[in-house]
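Fold and geometry: a report
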Amino acid sequence: RVGRHYLHGEIHRQWGEAAISRLQELGRRAAAMGSSAYLVGGCVRDLLLQRNMTDIDVVIEGDALRLAADLAATVSASHLHSHPRFGTATLRFADQFRMDLASSRVEHYPQPGALPIVQAGGIQADLWRRDFTINAMAIALNPASFGQLLDPYRGLSDLQEGRLRVLHTLSFIEDPTRILRALRFSARFRFEMEAHTLGLMKNALAIDIFRHLSGPRLWREIRYLLQLSDLLPALRLLQEWRLWPLLRPPPADPAALFATVQRALTLRDWFQLSFPREPLLQDALFLRILWHDIPWAERQERLNYFQVGGADEIQNDLQRLPEIAAQLARGIRPSQRRALLSQLRVEGILALLAGHPQGPIQAAGLAYLQTDRHLASPLGAKEIMALGFAPGPAVGQWLKRLRDARLDGEISDEESARQWLLNNLKQPPCKP
Ligand code: ATP
């Protein structure tokens, strides 16, 4: 079923008419330049798995920058972004379709974990430098062979058998991030590591191979893990493969941690459905959950090592959470609840909810997310001034007090707000 026509038909069926005509145009132009163009990597794998289209990666046996510029100049509504230092280019189209182009290359690793030295090479060598056989297939795009699968390392049969296999014995030593990539693919596709590959991974772990890796490179892969739509299988593998130290000390009670993660996944789904326009950073949410029980200094050390963006917010939330939880547990007025919870990012609030699935803390967090934070004063600044208040910062303070009064049920509409305002006029606008 993997003949040339099958994949031509699959690209058409799965990616649509516009995609296929752009890829055909790319193939024609490559051939006209005496080059060859191929789809490679994750997009070939996902096409064969019939999964949603991911980024389209194209490898050119020839000058990728020149070909990309040629294509951008002739195909309408495309936008070219070149990175001459890396010899790569990205083409974007008005309908969000995007292609990344690179020249085929060979890589040499001067030492474990270091960035590779790169040289030009053919498509076969380019596939050889890849992480797993399932990611080391290509589809030809030149007109004479459009749609033909190139599978020099038997990736297709591994894909069909649900097997992860490295291409050569030094793979994990050269690049330890591949261990985390293996974990991600195993978790996402429910694939098994083939026995020899498993042995190679154990050998690499036995010599503590991750010590050669820089924090940001490690974080990049961990971040991908934390962004998986179902994180639990990945965390179970982290436990099974004894990889917790990459992220945190092994948890004393993994089952309890997994249960919290499961609740956080449900909360994430609920939040995204309820507030589709509000951004939610899944990796930031799960860092808060996975690091809630480790000391501040250790967290800071890991944040610095990984060079995580938003580190201060994470620390701020995790520092405040215990005290906020204690206050909410005591039962407080909605306005106080709002004042407390507005100190946290949304990710911090969801972490709090995941950690307290019942009782007053859960109720308070949900009420804040659903109602409190959206509630405003029933009167606007203009209406307050129309009652005789001079413009100035005091008006802003009255707006806040009116909002709090509404939260606490003291007022409900404009009329009761006016009355409340006149009754409270004797007091200063700021509560002492
Ligand atoms: P995803 O769907 O998660 O993005 P992907 O396979 O497309 O999966 P990318 O990180 O975008 O993952 O990488 C694209 C391709 O580059 C991979 O399919 C693989 O062939 C190759 N690749 C990426 N990282 C490595 C690595 N560390 N070592 C070897 N090859 C890699």
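These numbers come from a predicted model, not from an experiment.

A word on the overall build of the protein
Assigned secondary structure in the protein consists of 21 helices and eleven strands. Since a compact globule built from 432 residues should have a radius of gyration of about 22 Å, the 28 Å found for the protein marks it as more spread out than a globular shape. If you line up the protein on its principal axes, its C-alpha atoms span 85 × 55 × 40 Å. Within the span of the protein, comprising 432 residues, buried residues form 49% of the whole. Summed over its atoms, the accessible surface of the protein is roughly 20,800 Å², and 52% of this surface lies on carbon and sulfur atoms. Between the mean site of the 52 positive side-chain charges and the mean site of the 45 negative ones, the protein shows a separation of 2 Å.

Some details on the sheet that holds strand β2 (residues 56-61)
Taking strand neighbours across the sheet as the criterion, the seven strands line up as β3-β4-β5-β2-β1-β8-β9 in an open arrangement whose pairing is mixed. Two strands lie at the open edges of the sheet, namely β3 (78-83) and β9 (149-150), each paired on one side alone. As defined by bridge partners, β3 adjoins strand β4 (residues 88-93) across six bridges and the pair is classed as antiparallel. Looking at the pairing, serine 78 lines up with phenylalanine 93 of β4. Where helix α3 (residues 42-49) meets the sheet, it contacts β1 (36-40), β2, β8 (138-140) and β9, and its direction lies at approximately 60° from that of β1.

Details of the packing of helix α8 (residues 177-189) against helix α10 (residues 215-226)
Angle between the axes and distance between the axes: these two values describe a pair of packed helices. Direction vectors running N to C along α8 and α10 enclose 0°, while the axes themselves pass 10 Å from each other. It follows that α8 is roughly parallel to α10 by the angle criterion. Where α8 abuts α10, its residues Thr177, Leu180, Arg181, Leu183 and Arg184 lie against Arg217, Leu218, Glu221, Ile222, Tyr224 and Leu225. A breakdown of the residues in the contact of α8 with α10 according to their chemical character gives six nonpolar, one polar and four charged.

Quick look at the site of the ligand
In the vicinity of the ligand there are 16 residues, among which Arg45, Asp175, Arg178, Arg184 and Arg188 approach most closely. Residue arginine 178 places a side-chain N or O atom 2.8 Å away from a nitrogen atom belonging to the ligand. Arginine 181 is positioned such that a nitrogen or oxygen atom in its side chain is 3.0 Å from an oxygen atom of the ligand. Within the residue set of the shell around the ligand, elements represented by two or more residues are α3 and α8.

What about the packing of aromatic side chains?
One pass over the structure, following the stated rule, counts 15 aromatic pairs. Between phenylalanine 132 and phenylalanine 172, the aromatic rings sit 6.4 Å apart at their centres with planes inclined by 55°, giving tilted as the arrangement. Taken together, the residues span a long stretch of sequence, with phenylalanine 132 in the loop between α5 (123-128) and β8 and phenylalanine 172 in helix α7 (residues 171-174) at a distance of 40 residues. Considering the side-chain rings of tryptophan 291 and phenylalanine 306, the 6.4 Å spacing of their centres and the 20° angle between planes classify their relative orientation as stacked. One end of the pair, tryptophan 291, is in the loop between α13 (282-290) and α14 (296-306); the other, phenylalanine 306, is in helix α14, and 15 residues separate them in sequence. Residue classification places phenylalanine 306 among the buried residues on the basis of a relative accessible area of 1%.

Some details on the pattern of salt bridges
The final tally for this structure, using the stated rule, is 31 salt bridges. Among the salt bridges present, the one from arginine 184 reaches glutamate 221, with a minimum N-O distance of 3.5 Å. Taken together, the residues span a long stretch of sequence, with arginine 184 in helix α8 and glutamate 221 in helix α10 at a distance of 37 residues. In terms of burial, arginine 184 and glutamate 221 fall into one category: buried. Salt bridges sharing common partners tie together Asp131, Arg181, Arg184, Arg220 and Glu221.

Side note on the packing of helix α12 (residues 254-274) against helix α17 (residues 346-355)
Close contact between α12 and α17 brings their axes to 8 Å; oriented N to C, the two are set at 130°. Put simply, α12 runs oblique to α17. Regarding α12 and α17, the two cross each other, and that crossing is right-handed. Across the interface between the two elements, Thr260, Arg263, Ala264, Leu267, Trp270 and Phe271 from α12 touch Val346, Leu350, Leu353, Ala354 and Gly355 from α17. Among the residues forming the contact of α12 with α17, the class breakdown is eight nonpolar, two polar and one charged.

Some remarks on the domain arrangement of the protein
One frequently used descriptor of interface size is the decrease in accessible area upon assembly of the parts. By the assigned domains, the protein splits into domain 1 (4-161), domain 2 (162-241), domain 3 (248-374) and domain 4 (381-423). Computed from C-alpha atoms alone, the centre-to-centre distance between domain 3 and domain 4 is 32 Å. In this complex, domain 3 contributes five residues to the contact, which on the side of domain 4 involves four residues. A buried area of about 430 Å², summed over both sides, lies between domain 3 and domain 4, and 58% of it is on carbon and sulfur atoms. Counting the surface domain 3 buries against domain 4, the share from its top three residues, Pro334, Ser335 and Arg338, is 77%. Linking arginine 333 and aspartate 408 is a salt bridge whose minimum nitrogen-to-oxygen distance equals 3.2 Å. Taken together, domain 3 and domain 4 are joined by two residue pairs in polar contact (both at pLDDT 80 or more). Looking at the side of domain 3 that touches domain 4 residue by residue, the class counts come to one nonpolar, one polar and three charged.

Looking at the environment of leucine 340
On the secondary structure map, leucine 340 appears in helix α16 (residues 334-341). Spatially, the C-alpha atom of leucine 340 lies 9.6 Å from that of glutamate 323, the residues being 17 residues apart in sequence. When near neighbours in sequence (up to four residues on either side) are disregarded, leucine 340 contacts Ile324, Gln327, Leu328 and Ile332.

Conventions adopted
Residues numbered from 1 in each chain as written. Predicted model: local features only at pLDDT ≥ 70, side-chain atom pairs only at ≥ 80, totals over all residues. Heavy atoms only, no water. Helix = DSSP H or I, 4+ residues; strand = E, 2+ residues; numbered from the N terminus. Rg over C-alpha atoms; globule rule 2.2 N^0.38 Å. Buried < 20%, exposed > 50% of the residue type's maximum accessible area, 1.4 Å probe, protein only. Areas by Shrake-Rupley, 256 points an atom, 1.4 Å probe, with all protein chains shown as cover. Lys, Arg positive; Asp, Glu negative; His and termini not counted. Charge placed at Lys NZ, Arg CZ, Asp CG, Glu CD. Pairing = 2+ DSSP bridges. Contact = heavy atoms within 4.5 Å. Axes fitted to C-alpha atoms, helices over the stretch in contact; angles between N-to-C directions. Parallel < 35°, antiparallel > 145°, perpendicular 65-115°, else oblique. Nonpolar A, V, L, I, M, F, W, Y, C, P; charged D, E, K, R; others polar. Near = heavy atom within 4 Å. Polar contact = N/O pair within 3.5 Å; in protein donor to acceptor, adjacent residues only side chain to side chain. Phe/Tyr/Trp six-rings, centres within 6.5 Å; stacked < 30°, edge-to-face > 60°. Salt bridge = Lys/Arg side-chain N within 4 Å of Asp/Glu carboxyl O. Left-handed = near helix turned anticlockwise from the far one by under 90°. Domains from an automatic or database assignment. Buried area = accessible area lost by both parts, 1.4 Å probe.

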